[in-house]
Amino acid sequence: MSPQAILFDLDQPYQGMSEQELRLAVTAQLLKSLQTGSPIVLVIDEAQHLSAEVLEELRLLGNIESRQGKGLFVVLVAQAGLRETLKQPACQSFAQRLSTVCSLSPLSDSESRDYLRHHIALSGGDPDAVLEEEAQGLLAASCGGLPRVLNRAAGLAFDLALAAEADAVDAEAVLEALSELGLHSDEPDDSATLLEARRPIQPAPAANSRGKSASTSAKAPESASPLPPKQKVSRRRSA
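Residues numbered from 1 in each chain as written. Predicted model: local features only at pLDDT ≥ 70, side-chain atom pairs only at ≥ 80, totals over all residues. Heavy atoms only, no water.

Go over the environment of E57, please, and point to the residues and values.
Relative to the elements of secondary structure, E57 occurs in helix α3 (residues 52-62). Given a relative accessible area of 14%, E57 falls into the buried group. It is 7.7 Å that separates the C-alpha atoms of E57 and S2, two residues lying 55 residues apart in sequence. Those residues in contact with E57, other than ones at most four positions away along the chain, are P3 and R23. (Helix = DSSP H or I, 4+ residues; strand = E, 2+ residues; numbered from the N terminus. Buried < 20%, exposed > 50% of the residue type's maximum accessible area, 1.4 Å probe, protein only. Contact = heavy atoms within 4.5 Å.)

Dropping the structure here:
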């Protein structure tokens, strides 16, 4: 976040000026805002990407104040990587200026389920009707309690269920979505085991008069042994 970017956000001239002129222009704008009783609050998202040099620049701007108070308040919104940046020797002065530090922990399994159900309800759907209980558990256990990951995995699972013309998102759709996203279920049964359990049991080959098994190379008529609904969904997906 450079002085030029701050001036741009404040709708002030920022082109054709040297670095020193830009800093002076920012200082003047901050003091002007203080005189009107409206200090400036600078909110920076994805702050984990800020370098030590930029953080030092923000620290210096935070020193600007008058009898009315401070001219600039900085709010950093970042992922956990910012903690490592602030441990660097070059960032110690900035870290010492932090007045409030708040952190959000990942959602628990129960909170992840509530998060999914809440968003489905907000969109006008019935969570129990469109997302099976087993599917909810798989999503909650496999996304690390991170809302962004829950959104991606659940959204892809809904897309897969829609493509398969299914009435609801089941565990198979979730497992396929997790696989495509490179995520793995933390449930005791992994995807291969669960999908194997859903396959229909094949009848044992009939023995002929000589005691040998009859050949199984002949394909049975499809109508003679209809596939269960779960297998039909899987066949449509692989088409």
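Please set out the layout of surface pockets residue by residue, giving values where relevant.
Computed from the structure, the largest pocket encloses a volume of approximately 1500 Å³. Forming the boundary of the largest pocket are 35 residues, of which L76, V77, A78, L82 and C102 lie nearest the centre. Breaking the lining of the largest pocket down by element, the ones donating at least two residues are α3, β4 (72-77), α4 (81-86) and α9 (147-163). Here the element with the most residues in the lining of the largest pocket is β4; it accounts for six residues. Split into classes, the residues belonging to the lining of the largest pocket amount to 20 nonpolar, eight polar and seven charged. (1 Å grid on protein atoms, 1.4 Å probe; cavity = no way out; pocket = protein on both sides within 12 Å on 5 of 7 lines; lining within 4 Å. Points joined across faces, edges and corners; volume = space filled by probe spheres on them. Nonpolar A, V, L, I, M, F, W, Y, C, P; charged D, E, K, R; others polar.)

Can you tell me about the pattern of salt bridges, naming the residues and giving the values?
Here the structure, examined in full by the defined rule, presents seven salt bridges. Close ionic contact of R113 with E133 constitutes a salt bridge, the shortest N to O distance being 2.7 Å. Highlighted residues: R113 in helix α6 (residues 109-122) and E133 in helix α8 (residues 133-142), separated in sequence by 20 residues. Taking relative accessible area as the criterion, R113 reaches 24% and is therefore assigned partly exposed. (Salt bridge = Lys/Arg side-chain N within 4 Å of Asp/Glu carboxyl O.)

Kindly report on the environment of L156, identifying the contributing residues and their values.
With respect to the helices and strands, L156 occurs in helix α9. Along the sequence, L156 and A177 sit 21 residues apart, while their C-alpha atoms lie 5.7 Å from each other.

Explain the packing of aromatic side chains to me, and be specific about the residues and the numbers.
All chains considered together, the criterion is met by one aromatic pair. Each ring, one from F8 and one from Y14, has its centre 5.4 Å from the other, and the planes form 90°; the classification is edge-to-face. Here Y14 falls in the partly exposed class, since its relative accessible area comes to 25%. (Phe/Tyr/Trp six-rings, centres within 6.5 Å; stacked < 30°, edge-to-face > 60°.)

Could you give me a rundown of α3, with the residues and numbers involved?
By the criterion of burial, α3 is predominantly enclosed, with eight of the 11 residues buried. Of all the residues in α3, the buried ones are A52, V54, L55, E57, L58, R59, L61 and G62.

Could you give me a rundown of unusual backbone geometry, with the residues and numbers involved?
Most peptide bonds take the trans configuration, and most residues that are not glycine carry a negative phi. Backbone geometry at E46 places phi at a positive 55°, although glycine is not the residue there. Mapped onto the elements of the fold, E46 is located in the loop between β1 (40-45) and α3. In the Ramachandran plot, E165 falls in the positive-phi region, its phi being about 60° despite a non-glycine side chain. Note that E165 resides in the loop between α9 and α10 (171-180). E165 sits in the exposed class, given a relative accessible area of 62%.

Lay out the nonpolar core with the relevant residues and their values.
Of all hydrophobic cores here, the largest spans 22 residues; its most connected members are L116, L131, L139, C143, L150, V169 and V174. Counting residues per element, the ones that place at least two in this core are α6, α8, α9 and α10. For this core, the element with the most residues is α9, which contributes seven residues. Apart from the residues lying within four places of it in its own chain, the contact partners of L116 are L131, L139, L150 and A154. L42, I44, L55 and I64 belong to the second-largest nonpolar core, a separate cluster that totals 21 residues. (Core = buried A, V, L, I, M, F, W, Y, C linked by side-chain atoms within 4.5 Å.)

Provide a residue-level description of the packing of α8 against α10, including the pertinent values.
As a packed pair, α8 and α10 sit with axes 8 Å apart at the nearest point and diverge in direction by 25°. Considering the angle they form, α8 stands roughly parallel to α10. In this structure, α8 crosses over α10, and the sense of that crossing is right-handed. Residue-level inspection shows E134, A135, L138, L139 and S142 of α8 in contact with α10, the latter providing A171, V174, L175 and L178. Among the residues making up the contact of α8 with α10, the classes are represented as seven nonpolar, one polar and one charged. (Axes fitted to C-alpha atoms, helices over the stretch in contact; angles between N-to-C directions. Parallel < 35°, antiparallel > 145°, perpendicular 65-115°, else oblique. Left-handed = near helix turned anticlockwise from the far one by under 90°.)

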